[in-house]
Amino acid sequence: MIKVDRVVRTTCPYCGVGCQMDLHIVDNHIVKVAAPFGQPPNYGQLCVKGRFGTDYVSHPSRLRTPLIRKELGAPRQPATLDGFRSASWDEALDLVAQRLAAVKQAFGSDAIASSCSAKATNEDNYLFQKFVRAVLGTNNCDHCARLCHAGSVAGLQRALGSAAMSNSIAEMPHLHTFLVTGSNTAEAHPVISLFMKKAVANGAKLIVADPRGTEMTKFATIWLRHRPGSDVALFQAMANVIVTEKLYDRAFVAARTEGFRAYSLGLAPFTPEWAEKITGVPAYAIRRAARIYAQAPSAAIYWGMGISQSTHGTQNTLSLANLALLCGHLGKPGSGLNPLRGQNNVQGASDMGGLPNVFPAYARVDDPVARARYEAGWGGVQLAAEPGLTITEMVDGACNGAIQAFYIMGENPLMSDPHLAHARHCFANLPFLVQQDIFFNETSAYADVILPAVSFAEKDGTFTNSDRRVQRIRQAIDAPGQARPDWQIIADLARRTESALGRRQSAGWEYDHPSAIWHEMAALESASFGGIDYARLEREGGVHWPCPSADHPGTPYLFTERFPRGKGKFHLLAYEEAPEEPDPVYPFILSTGRVLYHWHGGTMTRRSMLDRIYPEATVEVHPADAEKLALQEGDYAWVRSRRGRIKVKVLVTGRSPQGTVFVPFHFAEAAANELTLEQVDPVAKIPGYKICAVQVERAA
Ligand SMILES: Nc1nc2c(c(=O)[nH]1)N[C@H]1C(S)=C(S)[C@@H](COP(=O)(O)OP(=O)(O)OC[C@H]3O[C@@H](n4cnc5c(=O)[nH]c(N)nc54)[C@H](O)[C@@H]3O)O[C@H]1N2
Ligand SMILES: Nc1nc2c(c(=O)[nH]1)N[C@H]1C(S)=C(S)[C@@H](COP(=O)(O)OP(=O)(O)OC[C@H]3O[C@@H](n4cnc5c(=O)[nH]c(N)nc54)[C@H](O)[C@@H]3O)O[C@H]1N2
Ligand code: SF4
Ligand SMILES: [Mo]
């Protein structure tokens, strides 16, 4: 038996479930990961990534010193690590401060773009947006939430006025009825899927609406296998049934909603027979699903990227919100509208104001009262009232010269953005790029300065999981080399940028510990966070915000009395086609997404033992399509779109429907985003990663 030096309780760095884990440390290495029983949200469960995938933190390629591009200022070419030299923190941070100050002075604040990180802590993200807003003077701050639940957020804001998951994970085993759509829960939120399966074992009815067969479809009472992109037709037809058959909750509709009359009259043409033609789902199945959902005493809806990542992501979300409002399945246990948040701290990065239109707790930048509070709280600065640019707009801005400098913390757009050839062109055109990461990733190749950050296991802070539960992470091991926690890098950079701008040094950047940063943030947004502090998190393990005071228990489910916008609002929707549909030259739909063993651009999981289990990119091809294409399992195929091509290994499987192929986006050497389309939802600005047209051909 090896003797364990210490066991440190922390939160998983991968997904939004926010599993609590105990890191067993020997000799500054994580040698084992266990999960505490009796502790929400995971009650002793972990998936393979939490259990075996944290070994990336000890990978030899961790960044250990700041790096500066050797040929600074020369026309930009993508560089390998050899194109960079080590530098001291003083040299690197002074260079960044001077360049950012120079851009601000020459081109104005809005020529600077920034991206905070859903992998970093609440404290890191609060400080990041404070630096961007208070020192750089712009609201150009966004993060991967844009590529993720932006469609859900825009839809929920319109329907309810709030975008967070309404109910808690702890309720799941006791669900009566639930709808899962556009979520490959068993691979993307594995521990949540265990609770869903438990609910089914306890007798719950499960409706799955997904074009692709997933583990969850095996547990479904009814599986609606609709055509990709036909969600509005499917869910609006369910609403038609609920209204026609008078299955809706009259009392709830009267007391808590608005716009019902016009909406219900407008629903008449959207019959199940009409929807059958568009979705491919038989009308009787649509009727049956509508009855199951409407007649349940309480029913929850869970969804993922199949709904949000669409050029109609806002509409898709509204079509789900309409169902919940009709049936009164909101504001009580086992109900609600629940977008399953993806990254470990995407909820937190959004809550902390890492978005172009809001401060922490979603206080709007164009609201003079909120602005005045932050101007006073941040030492008498003047803040911009105009909302900033979104990620996709900032990348485009680099192309057309509107953006002159980009500061990216913990994101990898050159794997995660759509249409990578376009994104690379934009980054090559950008005059100054600063990256702050734990590894050299695909985006680092375009950086001028790279700042080494520490990982979740090497710092203190908090993450907020998918059900709004604020939980601690704790330093368990020493950082490699000179790497520093993100919050320390930002605070140091902020002080240096203030001096480069010739500003009086404000006292706003002195923190001895992340708890002091939390304290500052919570005081500014006490209605949401005032009752949460590190001492309480130590005692209770986690608290669901909103939590306004120390004696408040926290809020596991929202909307008991009212919606943030007052009444819930119905929206009648028009069904629209995807911007690129298959044609004779590009006859297949490409759908992209995730596999259990890998994480996004693979920066972390491909430096983990998980890579040995799933070492290369794959394309799922339906057996009937495989026969036509003369493809067999294990062959290689070229997948081509109008934007690029990749070579991938063939999996022959009925998981994807005929006519659709699925490629995960985790593999740099065969990056799915070479193929995807950059068109975005007009409201949410999210790309439609789930549908573009491709051809598939056997590779020699
Ligand atoms: N292993 C692993 N887990 C992860 C991640 C990871 O990279 N790897 N990433 C995390 C992040 S950031 C996120 S956002 C989540 C995402 O979690 P998910 O959204 O569950 O993940 P995706 O693989 O994108 O799966 C989307 C689902 O949508 C379905 N779909 C495709 N087109 C349509 C459509 O038109 N309509 C409907 N209704 N469904 C459709 C697909 O068939 C698939 O089942 O996962 C998180 N968890
Ligand atoms: N085709 C296609 N593309 C997609 C999607 C899809 O379904 N299909 N999904 C989209 C979605 S939902 C998302 S959320 C995005 C994700 O897109 P990104 O957020 O760009 O992807 P990640 O690979 O998670 O990047 C995280 C980076 O943070 C670094 N990191 C980890 N921990 C820390 C830390 O503590 N500090 C710092 N500074 N860095 C850290 C990692 O090394 C990595 O480089 O991808 C989007 N792109
Ligand atoms: S379910 Fe998510 S939070 Fe839990 S162990 Fe797996 S990746 Fe980590
Ligand atoms: Mo995501």
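See the structure above.
In what follows, the accompanying structure is described.

### A word on the overall build of the protein chain
Part 1 of the reasoning: In terms of regular secondary structure, the protein chain is built from 24 helices and 26 strands.
Part 2 of the reasoning: Compactness check: the protein chain gives a C-alpha radius of gyration of 24 Å against a globular reference of 27 Å for 700 residues, within 12% of the reference.
Part 3 of the reasoning: Taking the principal axes of its C-alpha atoms as reference, the protein chain extends roughly 70 × 65 × 60 Å.
Part 4 of the reasoning: Taken over 700 residues, the protein chain has a buried fraction of 65%.
Part 5 of the reasoning: Across the protein chain, every contact between residues at least 6 apart in sequence was considered, and the portion connecting residues at least 24 apart equals 73%.

### Considerations on empty space enclosed by the protein
Part 1 of the reasoning: Summed over all chains, the structure comprises three cavities of 30 Å³ or more.
Part 2 of the reasoning: Lining the second largest cavity, in full, are Cys12, Tyr14, Cys15, Val17, Cys19, Leu46, Cys47, Lys49, Gly50, Pro190 and Val191.
Part 3 of the reasoning: Broken down by secondary-structure element, the contributors of at least two residues to the lining of the second largest cavity are α1 (48–52) and α6 (190–201).
Part 4 of the reasoning: Counted by class, the lining of the second largest cavity contains nine nonpolar, one polar and one charged residues.

### Remarks on the pairing of strand β22 (residues 618–621)
Part 1 of the reasoning: Residues Thr618 and Glu620 line one face of β22 and the alternating positions Val619 and Val621 line the opposite face, and both faces are buried.
Part 2 of the reasoning: As defined by bridge partners, β22 adjoins strand β24 (residues 645–652) across four bridges and the pair is classed as parallel. When the bridges of β24 are listed, Glu620 appears paired with Leu651.

### Overview of the site of ligand 3
Part 1 of the reasoning: The full set of residues close to ligand 3 is Cys12, Tyr14, Cys15, Val17, Gly18, Cys19, Leu46, Cys47, Lys49, Gly50, Pro190 and Val191.
Part 2 of the reasoning: Cavity membership is defined here by more than half of the atoms lying within 2 Å of grid points; on that basis ligand 3 lies in the second largest cavity.
Part 3 of the reasoning: When residues of the shell around ligand 3 are traced back to their parent elements, those giving at least two are α1 and α6.
Part 4 of the reasoning: Tallied by class, the residues present in the shell around ligand 3 amount to nine nonpolar, two polar and one charged.

### So, the state of the cysteines
Part 1 of the reasoning: Enumeration over the complete set of coordinates arrives at one disulfide.
Part 2 of the reasoning: What pairs with Cys399 in a disulfide is Cys426, and their sulfur atoms sit 2.4 Å apart. Of note, the bridge from Cys399 to Cys426 carries an S-S torsion of about -90 degrees and is left-handed in sense. With Cys399 in helix α16 (residues 391–400) and Cys426 in helix α18 (residues 420–428), this residue pair connects regions lying 27 residues apart in the sequence.

### Description of the nonpolar core
Part 1 of the reasoning: Phe131 and Phe178 are the most contacted members of the largest nonpolar core, which has 108 residues in total.
Part 2 of the reasoning: Ranked by residues supplied to this core, first place goes to helix α2 (residues 89–107) with nine residues.
Part 3 of the reasoning: With residues near it in sequence (within four places) discarded, Phe131 still touches Leu100, Leu136, Tyr407, Ile490, Leu493, Ala494, Thr497 and Trp509.
Part 4 of the reasoning: Val232, Ile242, Leu330 and Leu573 belong to the second-largest nonpolar core, a separate cluster that totals 55 residues.

### A look at the site of ligand 2
Part 1 of the reasoning: Surrounding ligand 2, one finds 32 residues, the nearest of these being Asn412, Ser416, Asp437, Asp486 and Asn673.
Part 2 of the reasoning: In the environment of ligand 2, a nitrogen atom lies 2.7 Å from a nitrogen or oxygen atom belonging to the side chain of Asn673.
Part 3 of the reasoning: For ligand 2, the accessible surface in isolation is 920 Å², of which the surrounding protein chains cover 98%.
Part 4 of the reasoning: Across the shell around ligand 2, the residue classes tally to 13 nonpolar, twelve polar and seven charged.
Part 5 of the reasoning: Two domains share the shell around ligand 2, each providing at least three of its residues, namely domain 2 (67–144 + 346–544) and domain 4 (588–698).

### What about the sheet that holds strand β8 (residues 177–181)?
Part 1 of the reasoning: Reading across from one edge, β10-β9-β8-β12-β13 is the order of the five strands in this open sheet, with parallel pairing throughout. With partners counted over all chains shown, the strands left at the sheet margins are β10 (222–224) and β13 (336–339), one partner each. Direction aside, neighbouring strands of the sheet carry axes that sit 15 degrees apart on average.
Part 2 of the reasoning: α6 rests against β8, β9 (205–209) and β12 (299–303) of the sheet, and its axis sits at about 140 degrees to β8.

### Points about a nonpolar patch on the surface
Part 1 of the reasoning: On the surface, a nonpolar cluster with roughly 320 Å² of combined accessible area is contributed by Ile2, Val4, Val7 and Val31.
Part 2 of the reasoning: Here Ile2 is to be found in the segment before β1 (6–11).
Part 3 of the reasoning: Classification of Ile2 as exposed rests on a relative accessible area of 58%.

### Description of the environment of Thr279
Part 1 of the reasoning: Residue position: Thr279 is located in helix α10 (residues 272–279).
Part 2 of the reasoning: Judged by its relative accessible area of 2%, Thr279 falls in the buried class.
Part 3 of the reasoning: In this structure the C-alpha to C-alpha distance between Thr279 and Ser230, which are 49 residues apart in sequence, comes to 5.5 Å.
Part 4 of the reasoning: Sequence-distant contacts of Thr279, that is, excluding residues within four places in its chain, are made with Arg225, His226, Arg227, Ser230, Ala233, Leu234 and Ile286.
Part 5 of the reasoning: A distance of 3.0 Å separates a polar side-chain atom of Thr279 from the backbone nitrogen of Val281.

### Observations regarding the pattern of salt bridges
Part 1 of the reasoning: A full pass over the atoms with the stated rule returns 38 salt bridges.
Part 2 of the reasoning: For Glu620, the salt bridge identified is with Arg212, shortest N-O distance 2.6 Å. Here Glu620, found in strand β22, pairs with Arg212, found in the loop between β9 and β10; they are 408 residues apart in sequence, far enough to count as distant. Like Arg212, Glu620 is buried.
Part 3 of the reasoning: As a salt-bridge pair, Glu697 and Arg640 come within 3.3 Å of each other at their nearest N and O atoms. Note that Glu697 is positioned in strand β26 (residues 692–698) and Arg640 in strand β23 (residues 636–640), a separation of 57 residues in sequence.
Part 4 of the reasoning: Several salt bridges share partner residues, and in doing so they unite Asp90, Asp94, Arg484, Asp492 and Arg496 into one network.

### Brief notes about the layout of surface pockets
Part 1 of the reasoning: Here the largest pocket is characterised by a volume of approximately 1,200 Å³.
Part 2 of the reasoning: Lining the largest pocket are 41 residues, with Val153, Gln157, Asn357, Val358 and Tyr362 sitting closest to its centre.
Part 3 of the reasoning: Going through the elements one at a time, α4 (150–159), α14 (346–351) and α21 (526–529) are the ones with two or more residues in the lining of the largest pocket.
Part 4 of the reasoning: In terms of residue count, the dominant contributor to the lining of the largest pocket is α4 (five residues).
Part 5 of the reasoning: Grouping the amino acids of the lining of the largest pocket by side-chain chemistry returns 21 nonpolar, eleven polar and nine charged.
Part 6 of the reasoning: Computed from the structure, the second largest pocket encloses a volume of approximately 250 Å³.
Part 7 of the reasoning: Lining the second largest pocket are 17 residues, with Glu187, Arg212, Gly213, Glu620 and Arg655 sitting closest to its centre.
Part 8 of the reasoning: At the level of secondary structure, the elements contributing two or more residues to the lining of the second largest pocket comprise β22 and β25 (660–664).

What counts, and at which threshold
Residues numbered from 1 in each chain as written. Chains lettered and ligands numbered in written order. Predicted model: local features only at pLDDT ≥ 70, side-chain atom pairs only at ≥ 80, totals over all residues. Heavy atoms only, no water. Helix = DSSP H or I, 4+ residues; strand = E, 2+ residues; numbered from the N terminus. Rg over C-alpha atoms; globule rule 2.2 N^0.38 Å. Buried < 20%, exposed > 50% of the residue type's maximum accessible area, 1.4 Å probe, protein only. Contact = heavy atoms within 4.5 Å. 1 Å grid on protein atoms, 1.4 Å probe; cavity = no way out; pocket = protein on both sides within 12 Å on 5 of 7 lines; lining within 4 Å. Points joined across faces, edges and corners; volume = space filled by probe spheres on them. Nonpolar A, V, L, I, M, F, W, Y, C, P; charged D, E, K, R; others polar. Pairing = 2+ DSSP bridges. Near = heavy atom within 4 Å. Sits in = over half its atoms within 2 Å of the grid points. Disulfide = S-S within 2.5 Å. Core = buried A, V, L, I, M, F, W, Y, C linked by side-chain atoms within 4.5 Å. Polar contact = N/O pair within 3.5 Å; in protein donor to acceptor, adjacent residues only side chain to side chain. Areas by Shrake-Rupley, 256 points an atom, 1.4 Å probe, with all protein chains shown as cover. Domains from an automatic or database assignment. Axes fitted to C-alpha atoms, helices over the stretch in contact; angles between N-to-C directions. Patch = residues over 30% accessible without salt bridge, like charges linked within 9 Å, V, L, I, M, F, W, Y side chains within 5 Å. Salt bridge = Lys/Arg side-chain N within 4 Å of Asp/Glu carboxyl O.

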